[in-house]
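So you can see what is in the structure, the chains are spelled out below.
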Amino acid sequence: MPNALISTDPIVSQNFFLEIDGSVVSILSSVSGLDIEMEVVTTEQAGANGKVQVVKTLGKANKAPDLSLVRMAAPDMANDKLWAWFNGIRDKGMANADRATQRKNGSIVMYDSANAEIARFNFTNGWPSKIATDQLSVESNDPVKETITLVVESLARVK
(Lines give C-alpha, C1' and ligand atoms only; values in the text may rest on other atoms or scores of the structure.)
Protein backbone atom coordinates (compact mmCIF):
# COMPACT_ATOMS: atom_id res chain seq x y z
CA MET A 1 0.00 0.00 0.00
CA PRO A 2 1.64 3.29 -1.12
CA ASN A 3 2.09 6.09 1.35
CA ALA A 4 0.11 9.20 0.37
CA LEU A 5 2.80 11.45 1.87
CA ILE A 6 5.45 10.26 -0.58
CA SER A 7 3.36 9.62 -3.67
CA THR A 8 5.33 12.09 -5.82
CA ASP A 9 9.00 12.28 -6.70
CA PRO A 10 11.09 14.81 -4.78
CA ILE A 11 12.41 17.99 -6.34
CA VAL A 12 15.97 17.44 -7.51
CA SER A 13 18.10 20.55 -7.11
CA GLN A 14 20.22 20.40 -10.21
CA ASN A 15 18.49 22.45 -12.88
CA PHE A 16 17.91 26.11 -11.98
CA PHE A 17 18.44 29.54 -13.49
CA LEU A 18 18.46 33.23 -12.61
CA GLU A 19 15.83 35.36 -14.29
CA ILE A 20 15.91 39.16 -14.12
CA ASP A 21 12.88 41.07 -15.36
CA GLY A 22 11.56 37.93 -17.08
CA SER A 23 14.64 36.83 -19.05
CA VAL A 24 17.25 34.22 -18.15
CA VAL A 25 20.45 36.03 -17.18
CA SER A 26 22.73 33.30 -15.91
CA ILE A 27 23.07 29.59 -15.38
CA LEU A 28 24.00 28.93 -11.77
CA SER A 29 25.89 26.14 -10.05
CA SER A 30 24.69 26.94 -6.54
CA VAL A 31 22.18 29.14 -4.73
CA SER A 32 21.86 29.80 -1.02
CA GLY A 33 19.76 32.21 0.99
CA LEU A 34 16.36 31.03 -0.23
CA ASP A 35 15.14 31.54 3.33
CA ILE A 36 11.60 32.76 3.80
CA GLU A 37 11.34 33.95 7.36
CA MET A 38 8.88 35.98 9.37
CA GLU A 39 10.15 38.21 12.11
CA VAL A 40 9.15 37.11 15.61
CA VAL A 41 8.62 39.65 18.35
CA THR A 42 9.50 38.47 21.85
CA THR A 43 7.97 40.17 24.87
CA GLU A 44 8.99 39.58 28.45
CA GLN A 45 6.55 40.29 31.25
CA ALA A 46 6.62 39.84 34.98
CA GLY A 47 3.95 37.46 36.19
CA ALA A 48 2.91 36.27 39.63
CA ASN A 49 5.62 36.49 42.28
CA GLY A 50 7.85 38.44 39.85
CA LYS A 51 8.47 35.39 37.66
CA VAL A 52 9.49 36.40 34.13
CA GLN A 53 7.23 35.07 31.42
CA VAL A 54 8.25 35.13 27.78
CA VAL A 55 5.60 35.55 25.12
CA LYS A 56 6.48 35.13 21.45
CA THR A 57 4.16 36.63 18.91
CA LEU A 58 4.32 36.93 15.16
CA GLY A 59 5.69 40.23 13.95
CA LYS A 60 4.45 42.14 10.95
CA ALA A 61 7.63 42.16 8.89
CA ASN A 62 9.17 39.42 6.79
CA LYS A 63 12.94 39.23 6.86
CA ALA A 64 14.58 39.65 3.49
CA PRO A 65 17.65 37.46 2.98
CA ASP A 66 20.74 38.12 0.91
CA LEU A 67 20.94 35.61 -1.94
CA SER A 68 24.28 34.01 -2.71
CA LEU A 69 24.58 32.83 -6.31
CA VAL A 70 27.52 30.80 -7.60
CA ARG A 71 28.28 30.45 -11.29
CA MET A 72 31.20 29.83 -13.62
CA ALA A 73 33.14 33.07 -14.08
CA ALA A 74 32.12 35.00 -17.16
CA PRO A 75 34.84 34.76 -19.84
CA ASP A 76 33.87 38.18 -21.26
CA MET A 77 33.07 40.58 -18.45
CA ALA A 78 32.28 43.42 -20.86
CA ASN A 79 29.28 41.56 -22.33
CA ASP A 80 28.01 39.93 -19.14
CA LYS A 81 24.69 41.27 -17.82
CA LEU A 82 25.48 40.68 -14.13
CA TRP A 83 28.87 42.40 -14.37
CA ALA A 84 27.30 45.32 -16.27
CA TRP A 85 24.62 45.67 -13.58
CA PHE A 86 27.18 45.49 -10.75
CA ASN A 87 29.61 47.92 -12.42
CA GLY A 88 26.83 50.41 -13.13
CA ILE A 89 25.94 50.52 -9.43
CA ARG A 90 29.58 50.51 -8.27
CA ASP A 91 30.65 53.29 -10.65
CA LYS A 92 27.61 55.59 -10.40
CA GLY A 93 26.05 54.67 -7.06
CA MET A 94 22.31 54.59 -6.57
CA ALA A 95 20.95 58.11 -6.52
CA ASN A 96 17.32 58.50 -5.43
CA ALA A 97 16.24 59.13 -9.02
CA ASP A 98 18.02 55.96 -10.27
CA ARG A 99 16.96 53.47 -7.61
CA ALA A 100 13.92 52.24 -9.51
CA THR A 101 16.04 51.38 -12.55
CA GLN A 102 19.02 49.94 -10.63
CA ARG A 103 16.97 47.62 -8.43
CA LYS A 104 15.41 44.75 -10.34
CA ASN A 105 12.85 42.03 -9.79
CA GLY A 106 13.75 38.47 -10.60
CA SER A 107 13.42 34.80 -9.86
CA ILE A 108 15.36 31.67 -9.09
CA VAL A 109 13.54 29.14 -11.25
CA MET A 110 13.86 25.37 -10.83
CA TYR A 111 13.12 22.86 -13.59
CA ASP A 112 12.67 19.09 -13.69
CA SER A 113 14.57 16.74 -16.00
CA ALA A 114 12.05 17.42 -18.81
CA ASN A 115 12.71 21.20 -18.44
CA ALA A 116 9.26 21.92 -17.01
CA GLU A 117 9.18 24.60 -14.33
CA ILE A 118 8.54 23.07 -10.91
CA ALA A 119 9.45 25.82 -8.44
CA ARG A 120 9.95 29.59 -8.47
CA PHE A 121 11.32 31.97 -5.86
CA ASN A 122 10.55 35.60 -6.76
CA PHE A 123 12.53 38.48 -5.31
CA THR A 124 11.84 42.20 -5.50
CA ASN A 125 14.10 45.22 -5.72
CA GLY A 126 17.32 43.21 -5.82
CA TRP A 127 20.77 44.51 -6.62
CA PRO A 128 24.26 42.96 -6.64
CA SER A 129 26.32 44.18 -3.71
CA LYS A 130 29.35 41.93 -4.26
CA ILE A 131 30.98 39.67 -6.86
CA ALA A 132 33.73 37.45 -5.45
CA THR A 133 36.02 35.41 -7.69
CA ASP A 134 37.33 32.06 -6.44
CA GLN A 135 40.86 31.66 -5.22
CA LEU A 136 43.27 31.02 -8.07
CA SER A 137 45.86 28.26 -7.82
CA VAL A 138 48.45 26.82 -10.21
CA GLU A 139 47.67 23.41 -8.69
CA SER A 140 44.02 23.41 -9.75
CA ASN A 141 42.27 22.43 -12.97
CA ASP A 142 38.85 23.48 -11.69
CA PRO A 143 36.87 26.15 -13.53
CA VAL A 144 36.93 29.59 -11.91
CA LYS A 145 33.68 30.45 -10.15
CA GLU A 146 32.12 33.71 -9.07
CA THR A 147 29.88 34.22 -6.07
CA ILE A 148 27.37 37.04 -6.50
CA THR A 149 25.60 38.50 -3.46
CA LEU A 150 22.16 39.92 -4.25
CA VAL A 151 20.53 42.16 -1.67
CA VAL A 152 16.75 41.84 -1.97
CA GLU A 153 13.80 43.54 -0.29
CA SER A 154 11.54 40.49 -0.33
CA LEU A 155 11.54 36.82 -1.31
CA ALA A 156 8.56 34.55 -1.85
CA ARG A 157 8.10 31.04 -3.18
CA VAL A 158 5.22 31.30 -5.63
CA LYS A 159 5.29 27.83 -7.16
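Residues numbered from 1 in each chain as written. Predicted model: local features only at pLDDT ≥ 70, side-chain atom pairs only at ≥ 80, totals over all residues. Heavy atoms only, no water.

1. A look at the pattern of salt bridges
Close approach of charged atoms allows side chains of opposite charge to pair.
Right, on to step 1. Following the criterion strictly, the structure yields seven salt bridges and no others.
Right, on to step 2. Of the charged contacts, one joins Arg 71 and Asp 80 as a salt bridge, the two residues approaching to 2.7 Å between their closest N and O atoms.
Right, on to step 3. The class of Arg 71 is buried, set by a relative accessible area of 3%.
Right, on to step 4. By relative accessible area, which is 13% here, Asp 80 ends up buried. (Salt bridge = Lys/Arg side-chain N within 4 Å of Asp/Glu carboxyl O. Buried < 20%, exposed > 50% of the residue type's maximum accessible area, 1.4 Å probe, protein only.)

2. As for the packing of aromatic side chains
Right, on to step 1. Taken as a whole, this structure holds two aromatic pairs when the rule is applied.
Right, on to step 2. Seen from their ring centres, Phe 17 and Tyr 111 are 5.4 Å apart, and the 70° between their planes marks the pair as edge-to-face. With Phe 17 in strand β1 (residues 16–20) and Tyr 111 in strand β7 (residues 104–111), the pair connects residues that are 94 residues apart, well separated along the chain. The two residues Phe 17 and Tyr 111 agree in class, both being buried.
Right, on to step 3. Summarising the aromatic geometry, the rings of Trp 83 and Phe 86 are spaced 5.9 Å apart at their centres and angled 90° between planes, so their arrangement reads as edge-to-face. Taken together, the residues span about one helical turn, with Trp 83 and Phe 86 both in helix α1 (residues 81–92) at a distance of three residues.
Right, on to step 4. When its relative accessible area of 11% is taken as the criterion, Trp 83 is described as buried. (Phe/Tyr/Trp six-rings, centres within 6.5 Å; stacked < 30°, edge-to-face > 60°. Helix = DSSP H or I, 4+ residues; strand = E, 2+ residues; numbered from the N terminus.)

3. Topic: the nonpolar core
Right, on to step 1. Core analysis: the biggest nonpolar cluster contains 23 residues, and Leu 18, Leu 67, Leu 69, Phe 123 and Leu 150 have the highest contact counts within it.
Right, on to step 2. Those elements giving two or more residues to this core turn out to be β1, β6 (66–72), α1, β7, β8 (117–133) and β9 (145–151).
Right, on to step 3. With five residues, the single largest contributor to this core is α1.
Right, on to step 4. Those residues in contact with Leu 150 that sit more than four places away from it in its chain are Pro 65, Asp 66, Leu 67, Leu 69, Trp 85, Phe 123, Trp 127 and Pro 128. (Core = buried A, V, L, I, M, F, W, Y, C linked by side-chain atoms within 4.5 Å. Contact = heavy atoms within 4.5 Å.)

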